[in-house]
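# Structural overview for review
Listed here are the chains, written in short residue letters.
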Amino acid sequence: MTTRSQKAAASGRSDPWRFLAGDGAVAFLMILPAAILFCLFYLWPFVNGFWLSLHNWDGFSDPTWAGLSNYQRLLHDRIFLGALRNNLIFVVAVVLLKNVLGLGLALLLDRALVGRAFFRAAAFVPVTMSFVAVGLLWSWIYNPVFGLLNGALDLFGLGGLKRSWLGDADIALYSIIVVDVWKWLGFHAVIYLAGLQTIPSELYESAKMDGAGPLQRFRHITVPMMMPIIFINTILGLSGAFVRNFDIVYVLTKGGPNHATEVVLTYMMSKAFQEGAMSYAAAIGYVLFLIVGLASVGLLALMRRQRLDV
Amino acid sequence: MSGAAEPVLSHDAGAARRPRRLGARGLLEVAGIYAALALVLIETLYPLLWVLFGSLKTKEEMLSNIWGPPSSLVLQNYADAWRIAGMGSRIVSSVLVTGSALVILVVVATPCAYALARLRFPGRGLVLAVAVAAMLVPPQVMAIPLFMVARDLGLINNRLGVAFVYAATSLPLSVFILRSFFVTLPADLEDAARVDGASRLEILIHIMLPLVRPGVALILIFGFIEIWNDFFLAFLLLRDPSVQTIPLGLVSFFQQYDSLWTLYFAALTITTLPVIVVFLAMQRQFIAGLTAGAVKG
């Protein structure tokens, strides 16, 4: 097929395959492999999942029509609603912390005259680690008996603060949030640092001459100039926080104790593979998709209103 | 343009000038900055060092000497961890899955990105819109139907099949990144080659591809980190222990032998250190690529 269209392209007007000859046929062939891959593993599951969520199916016997009943059941599923709440707490906390700490770290790195590259690389190392490695490392840090964290508290005479960091239902979710922020902090800081370095120093110089203090310069120069970068970091953090928390939660707590750290994906996976409720799990996936989609669209609309073309 | 480029650089230059005027207050400020950075350094690197230390201690020393470096090097931990965790076959699986997925990804994404960037054809806007929309749909939310599709296609426990799934999930972002590299290339190059009678495919392979090598490197780096480290899709699609990748192997090793900490730390070191070394070796390109994509938008 390729040779035919190439010949057609080469020989020009008299060729009967002329309609295939232009860029159209070449483009079609060049996009075809991507389109096949996309249809098989994106489009088909996406459509199939919706169909599945409207039926009752355990994955083996004959599916029966269920209408919207799976979605209605979700509204009264207390574990699901708890998982959704945990997921939202996770998203808000993680996005806030990554942005505030990331910008803070970037400001420090921007001021470091000697060894900036070294500090930047060091801060980036956890980003390259797998969630599994990070999770297993932190499960030892949090270990109530031998763990690094309780050991450090003892060392500084703060033994009273010792906790079972992942076993206590009141704080386990926040312990996981700390791990996620630890892993991604360097990533966001590096993006902020690159943004900071595009701000012309003349702006700071003239503000200084006008008598603006460091805080005023930060508020009136750094923050407005960094708005596009803040949005990029928020979008990156947002999509990650919604759907990339399965690994870390599974490794650290598996959603326990007593669903205290259950997030939507861990609940979906346990419904599907421990209880065989495939269509119910598919409905959970769709609700999550809807929430992520709405959040992204909302943020993009906000960006457009702020005239931030990123 | 020369006037516009100067201020960007002079921010650094301005920072570099500052030490000359350092008073007592300035010194204090610099000391504060370095103290804060040192804290970040400890918080980031000490846990990793701790794992390395732990992997070289005896089990008894783990308890008596929690913080410091090992008093002697127990390399036997590594041999035991390798054997018990079945590290060899896991590494083979990870290399096989990640390697094939990256090859598929580049072969499929490059012509697609080229066509979207350089060719005029009906439906181009639609294809581009689909690619952008797909970036907003994380594959994780489709895990259940994806599992069923993979089962229908006979891809469960099939490492090459899973590589196709990984390539598909990395495809939208990769096409988008590569397209932005193709768009920046001057049209003259291509026109000259067309006059010489080269086909589009020849132009792509011989002229354009060498010029977008940084873009290909970028999608390879992103893809590598993503796929090599992935737990979720592997957990979903590779159920048989004999085909499982490193992250799955680590988790099951941890769950079965959670009292063998020293071996555990050794296994963690074996799997984490190579990636960190690769990153440190090419961090310049890595961070440059990352920030170029994000800051330019």
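Residues numbered from 1 in each chain as written. Chains lettered and ligands numbered in written order. Predicted model: local features only at pLDDT ≥ 70, side-chain atom pairs only at ≥ 80, totals over all residues.

## Topic: the overall build of chain B
A count of helices and strands for chain B gives 15 helices and 0 strands. Over its C-alpha trace chain B gives a radius of gyration of 25 Å, far above what one expects of a compact globule, namely 19 Å for 297 residues. Seen through its C-alpha atoms, chain B measures out along the principal axes to roughly 75 × 70 × 35 Å. Buried positions account for 38% of the 297 residues belonging to chain B. (Helix = DSSP H or I, 4+ residues; strand = E, 2+ residues; numbered from the N terminus. Rg over C-alpha atoms; globule rule 2.2 N^0.38 Å. Buried ≥ 20, exposed ≤ 12 C-beta atoms within 10 Å, placed from the backbone.)

## Quick word on the overall build of chain A
Counting its regular elements, chain A contains 14 helices and 2 strands. At 26 Å, chain A has a C-alpha radius of gyration far larger than the 19 Å of a compact globule built from 310 residues. For chain A, the residues scored as buried account for 39% of the 310 residues in total. Of the contacts formed within chain A by residues at least 6 apart in sequence, a portion of 68% connects residues at least 24 apart. (Contact = placed C-beta atoms within 7 Å.)

## Details of the domain arrangement of chain A
Each domain of chain A was delimited in the assignment, giving domain 1 (1-38) and domain 2 (71-305). For domain 1 of chain A versus domain 2 of chain A, the separation of C-alpha centres amounts to 47 Å. (Domains from an automatic or database assignment.)

## With respect to the interface of chain A and chain B
Contacts between the two partners involve 77 residues from chain A and, on the opposite side, 75 residues from chain B. Here the side of chain A that touches chain B gets 19 residues from one element, more than from any other, and that element is helix α3 (residues 23-53) of chain A. Its residues assigned to classes, the side of chain A that touches chain B shows 57 nonpolar, 16 polar and 4 charged. (Nonpolar A, V, L, I, M, F, W, Y, C, P; charged D, E, K, R; others polar.)

## Some details on the domain arrangement of chain B
Residue and element names in this part refer to chain B. Examined at the domain level, chain B breaks down into domain 1 (19-74) and domain 2 (81-296). The partner domain 2 presents 6 residues to the 8 residues of domain 1 that form the contact. Going through the elements one at a time, α2 (24-55) and α3 (59-64) are the ones with two or more residues in the side of domain 1 that touches domain 2. A per-element tally of the side of domain 1 that touches domain 2 places α2 first, with 4 residues.

## Details of the environment of Thr44 of chain B
Relative to the elements of secondary structure, Thr44 of chain B occurs in helix α2. Sequence-distant contacts of Thr44 of chain B, that is, excluding residues within four places in its chain, are made with Ala122, Ala123, Val125 and Pro126 of chain A.

## Things to note about the environment of Pro126 of chain A
Tracing the chain through its elements places Pro126 of chain A in helix α6 (residues 116-128). The spacing of Pro126 of chain A and Gly195 of chain A is 69 residues in sequence and 21 Å in space, taken between C-alpha atoms. Every residue in contact with Pro126 of chain A, bar those within four places of it in the chain, is listed here: Val134, Trp182, Lys183 and Gly186 of chain A together with Thr44 of chain B.

## Description of the UniProt feature "transmembrane region" (unreviewed entry) in chain B
Residue and element names in this part refer to chain B. The feature "transmembrane region" (unreviewed entry), as given by UniProt, occupies residues 27-53, 91-114, 126-148, 160-182, 203-225 and 261-282 in the numbering adopted here. Between the end C-alpha atoms of residues 91-114 the distance is 34 Å, and the span holds 100% helix and 0% strand. In this annotation, residues 126-148 is assigned 74% helix and 0% strand; the end-to-end C-alpha distance for the span is 28 Å. (UniProt positions renumbered as here; feature names shortened; annotations may be inferred.)

## Things to note about the confidence of the model for chain A
Residue and element names in this part refer to chain A. The pLDDT averaged across chain A works out to 84; a share of 91% of its residues lies at or above 70. Across chain A, helix α5 (residues 78-111) holds the top mean pLDDT of 92, while helix α1 (residues 2-11) sits lowest at 47. For residues 1-14, every residue scores under 50 in pLDDT, and the model assigns this stretch 19 contacts once sequence neighbours within four places are set aside. (pLDDT = per-residue confidence, 0-100.)

## As for the UniProt feature "domain: ABC transmembrane type-1" (unreviewed entry) in chain B
Here, UniProt's "domain: ABC transmembrane type-1" (unreviewed entry) annotation points to residues 91-282 of chain B. In residues 91-282 of chain B, the share of helix is 79% and the share of strand is 0%. The end C-alpha atoms are 22 Å apart.

## Side note on the packing of helix α8 (residues 159-183) of chain B against helix α11 (residues 213-229) of chain B
Packed helices, taken two at a time, are described by the angle between their axes plus the distance between the axes. Residues and elements named next belong to chain B. Look at α8 against α11: their axes get within 9 Å of each other, and the N-to-C directions meet at 155°. With respect to each other, α8 and α11 are oriented roughly antiparallel. The two elements α8 and α11 meet at a crossing, and its hand is right-handed. In this structure, α8 contributes Tyr166, Ser170, Ser174, Ile177, Leu178 and Phe181 to the contact, and α11 contributes Gly215, Leu218, Ile219, Gly223, Glu226 and Ile227. For the contact of α8 with α11, a count of residues per class yields 7 nonpolar, 4 polar and 1 charged. (Axes fitted to C-alpha atoms, helices over the stretch in contact; angles between N-to-C directions. Parallel < 35°, antiparallel > 145°, perpendicular 65-115°, else oblique. Left-handed = near helix turned anticlockwise from the far one by under 90°.)

## Comments concerning helix α4 (residues 76-84) of chain B
Residue and element names in this part refer to chain B. Within the sequence span of α4, burial applies to Asn77, Tyr78 and Ala81. The arc enclosing the buried residues of α4, seen along the axis, measures out at 95°, which places them on a common side. Counted as exposed and oriented over 90 degrees from the buried face of α4: Ala79 and Arg83. Residues of α4 that are buried make contact with α2, α5 (87-118) and α14 (261-281). Where α4 terminates, the next one or two residues include Gly86, which has phi positive at roughly 60°. (Arc of directions from axis to C-beta.)

## Here's the deal with the packing of α5 of chain A against α2 of chain B
Where α5 of chain A contacts α2 of chain B, the axes come no closer than 10 Å and their chain directions differ by 125°. Taken together, the axes of α5 of chain A and α2 of chain B lie oblique to each other. Note on packing geometry: the crossing formed by α5 of chain A with α2 of chain B is left-handed. For the pair α5 of chain A and α2 of chain B, contact is made by Leu105, Leu108 and Arg111 of chain A and by Ile33, Ala36, Leu37 and Val40 of chain B, respectively. Tallied by class, residues from the contact of α5 of chain A with α2 of chain B come to 6 nonpolar, no polar and 1 charged.

## Brief notes about unusual backbone geometry
Residue and element names in this part refer to chain A. Phi is positive for Asn258, which is not a glycine, with a value near 50°. Owing to 11 C-beta atoms within 10 Å, Asn258 belongs among the exposed residues under this scheme. One non-glycine residue with positive phi stands out, namely His259, at about 65°. Within the element layout of this structure, His259 appears in the loop between α12 (246-252) and α13 (264-274).

## Examining the environment of Ser279 of chain A
Residues and elements named next belong to chain A. Mapped onto the fold, Ser279 is located in helix α14 (residues 278-305). The spacing of Ser279 and Asn56 is 223 residues in sequence and 5.6 Å in space, taken between C-alpha atoms. Setting aside its immediate chain neighbours within four residues, Ser279 contacts Leu52, Ser53, His55, Asn56, Trp57, Ala66 and Asn70.

## Description of the confidence of the model for chain B
Residues and elements named next belong to chain B. Averaged over chain B, the pLDDT score is 82; the fraction of residues at 70 or greater is 91%. When pLDDT is averaged over each helix and strand of chain B, the minimum, 39, is found for helix α1 (residues 2-17) and the maximum, 93, for α5. Scored below 50 in pLDDT, residues 1-19 makes 15 contacts in the model with residues more than four places away or belonging to other chains. At the level of chain-chain contacts, confidence expressed as ipTM amounts to 0.81, with global pTM at 0.83.

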